[in-house]
Amino acid sequence: MDTRKPVDGSAVLLIMVLCATWGMQQVVLKATAADIAPVMQIALRSGVAALLVGLVMWWRGESMSLRDGTLVPGLAVGVFFATEFLLVAEGLRHTSASHMVVFLYTAPIFAALGLHWRIPAERLSGLQWSGIAIAFAGIAMTFLGRGHGAATGAAAAGSTLWGDFLGVLAAIAWAATTVVVRCSSLAKAQPSKTLQYQLVMAFGVLLCAAWSSGQAQVNFTPQVWASLAFHAVVVSFASFLAWFWLLRHYLASRLGVFSFMTPLFGMLFGAWLLDEPIEAGFLVGAIPVLVGIVLVSAGPFKARAR
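The structure reproduced in this document is the subject of the present report.

Here is what the cut-offs are and how they apply
- Residues numbered from 1 in each chain as written.
- Predicted model: local features only at pLDDT ≥ 70, side-chain atom pairs only at ≥ 80, totals over all residues.
- Heavy atoms only, no water.
- Axes fitted to C-alpha atoms, helices over the stretch in contact; angles between N-to-C directions.
- Helix = DSSP H or I, 4+ residues; strand = E, 2+ residues; numbered from the N terminus.
- Parallel < 35°, antiparallel > 145°, perpendicular 65-115°, else oblique.
- Left-handed = near helix turned anticlockwise from the far one by under 90°.
- Contact = heavy atoms within 4.5 Å.
- Phe/Tyr/Trp six-rings, centres within 6.5 Å; stacked < 30°, edge-to-face > 60°.
- Buried < 20%, exposed > 50% of the residue type's maximum accessible area, 1.4 Å probe, protein only.
- Nonpolar A, V, L, I, M, F, W, Y, C, P; charged D, E, K, R; others polar.
- Core = buried A, V, L, I, M, F, W, Y, C linked by side-chain atoms within 4.5 Å.
- Patch = residues over 30% accessible without salt bridge, like charges linked within 9 Å, V, L, I, M, F, W, Y side chains within 5 Å.
- Areas by Shrake-Rupley, 256 points an atom, 1.4 Å probe, with all protein chains shown as cover.
- Salt bridge = Lys/Arg side-chain N within 4 Å of Asp/Glu carboxyl O.
- Expected span 1.5 Å × (residues − 1).
- Arc of directions from axis to C-beta.

## A short note on the packing of helix α5 (residues 107–118) against helix α6 (residues 126–144)
For step 1, the next point in the chain: Running from amino to carboxyl end, α5 crosses α6 at an angle of 140°, the nearest separation of the two axes being 10 Å. On the basis of the axis angle, α5 is oblique to α6. Crossing geometry of α5 relative to α6 is assigned as left-handed. For the pair formed by α5 and α6, the contact residues are Ile109, Phe110, Leu113 and His116 on the first element and Trp129, Ile132, Ala135 and Phe136 on the second.

Structure representation (structure tokens):
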């Protein structure tokens, strides 16, 4: 019998804090990019968070065995997780944090499509198909509705479009992670073990990517230390564990509806802290994207934290 309960006031408050935290992470990555490349920062935060999750698993007495049938799907979700953040890190070199967070959080749209074909219980309803159509229309509007200026303006616009496109690819990688988790032995594994596969793989892959691309140099300023602490302890460790706690105690389909709050917070923080302009053309496209996310997440799709 499912003992999970509807979302109450305490859950809403915690969800709002988590969405604000996740909306802030791209902004902080962008703000410290001059002293530490995003790819290097995500690699280091993943390594620290992996150690913290490992300590929690040891304290709880959870199994760390690789012979429980989770190794192959675990490696797969780790690769997809690392790919997602490699694309995020590269995308942030070309586009704004507010753009990145909106496109990254289209992941529920792509995950819902993937699960529709793999799990009968996850078949999309008419309302959800409408949400997907609205969201894709919004994405098209954000890409096709950009103005063209002078040569330098066109070059800058082209760079931004490339960064936005990488954000969409990152969302697809995130969605692939969700599909693998739901369709493999990881569906019955402890969430902390799934998270550990992701963090360990991200640390290894992204650290190699940082070194091979010449982005491993770090200027350890107080801002960089604060950013690393925020990402490793707050985002990759505490917020994920809090999200998994919510999934164990509340109805996941109700929690997913709040996923649209994260890109809203991301746009707000980007404009406030980084003075990033929110272009009218982008905003016109972002609104239907957010509406589509809400409509898709309102169905049986179980959103995953990031």
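So, next bit.
## Side note on the packing of aromatic side chains
For step 1, the next point in the chain: Inspection of the entire model under this criterion finds 10 aromatic pairs.
For step 2, the next point in the chain: With a centroid separation of 6.4 Å and 35° between ring planes, the pair formed by Phe269 and Trp272 is classed as tilted. One end of the pair, Phe269, and the other, Trp272, are both in helix α11 (residues 261–273), three residues apart, so they sit about a helical turn from each other.
For step 3, the next point in the chain: Using a relative accessible area of 11% as the deciding quantity, one classes Phe269 as buried.

## Looking at the packing of helix α1 (residues 9–31) against α11
A pair of packed helices can be characterised by two numbers: the angle between their axes and the separation between those axes.
For step 1, the next point in the chain: Viewed as axis vectors pointing N to C, α1 and α11 meet at an angle of 50°, and their least axial separation amounts to 7 Å. Here α1 is positioned oblique relative to α11, judged by the angle of their axes. Every pair of crossing elements has a handedness; the one defined by α1 and α11 is right-handed. Each of Met16, Cys19, Ala20, Trp22, Gly23, Met24 and Val27 in α1 lies in contact with α11, whose residues at this interface are Met261, Thr262, Phe265, Gly266, Phe269, Gly270 and Leu273.
For step 2, the next point in the chain: Tallied by class, the residues present in the contact of α1 with α11 amount to 10 nonpolar, four polar and no charged.

## Points about the nonpolar core
For step 1, the next point in the chain: If you look at the biggest cluster of nonpolar residues, it comprises 79 residues, and the most contacted ones within it are Trp22, Val39, Val88, Val102, Leu199, Leu206 and Leu246.
For step 2, the next point in the chain: Ranked by residues supplied to this core, first place goes to helix α9 (residues 222–249) with 11 residues.
For step 3, the next point in the chain: Val102 has contacts with Pro263, Met267, Phe282, Ala286 and Val289, leaving out every residue within four places of it along the chain.

## Concerning a nonpolar patch on the surface
For step 1, the next point in the chain: A contiguous nonpolar surface patch, about 370 Å² in accessible area, is contributed by Ile134, Ile278, Leu283, Ile287 and Val291.
For step 2, the next point in the chain: Looking at the nonpolar patch, the element that brings in the most residues is helix α12 (residues 280–297), giving three residues.
For step 3, the next point in the chain: Tracing the sequence through the fold places Ile134 in helix α6.
For step 4, the next point in the chain: Overall, Ile134 belongs to the partly exposed group, its relative accessible area being 32%.

## Let's talk about the pattern of salt bridges
For step 1, the next point in the chain: Going through the model one piece at a time under the given rule, you end up with three salt bridges.
For step 2, the next point in the chain: With a closest N to O distance of 3.3 Å, Glu62 and Arg60 form a salt bridge.
For step 3, the next point in the chain: Judged by relative accessible area, Arg60 falls into the partly exposed class, the value being 42%.
For step 4, the next point in the chain: Arg93 serves as the salt-bridge partner of Glu90, at 3.0 Å between the closest nitrogen and oxygen.
For step 5, the next point in the chain: Here Glu90 falls in the partly exposed class, since its relative accessible area comes to 26%.
For step 6, the next point in the chain: On the accessibility criterion, Arg93 (49% relative accessible area) is partly exposed.

## Topic: α6
For step 1, the next point in the chain: Its 19 residues give α6 an end-to-end C-alpha distance of 27 Å, which sits within 8% of 27 Å, the value for a rise of 1.5 Å per residue.
For step 2, the next point in the chain: Of all the positions in α6, only Gln128, Gly131, Ile132, Ala135, Gly138, Ile139 and Thr142 are classed as buried. Buried residues along α6 cover an arc of 125° about the axis, so they all sit on one side. The exposed set on the far side of α6, more than 90 degrees from its buried face, consists of Gly126 and Leu144.
For step 3, the next point in the chain: Looking at the packing, one finds that the buried side of α6 touches α4 (97–104), α5 and α12.

## Focus: α5
Each α-helix turn comprises 3.6 residues. Residues three or four places apart therefore point the same way.
For step 1, the next point in the chain: The end-to-end C-alpha distance of α5 is 17 Å, a good match for the 16 Å that 12 residues give at a rise of 1.5 Å each.
For step 2, the next point in the chain: If you check which residues of α5 are buried, you get Ala107, Pro108, Ile109, Phe110, Ala111, Ala112, Leu115 and His116.

## Focus: the environment of Val101
For step 1, the next point in the chain: Inspection of the secondary structure assignment puts Val101 in helix α4.
For step 2, the next point in the chain: Taking the relative accessible area as the measure of exposure, Val101 reaches 0% and is therefore buried.
For step 3, the next point in the chain: In sequence terms Val101 and Gly266 are 165 residues apart; their C-alpha atoms lie 5.9 Å from each other.

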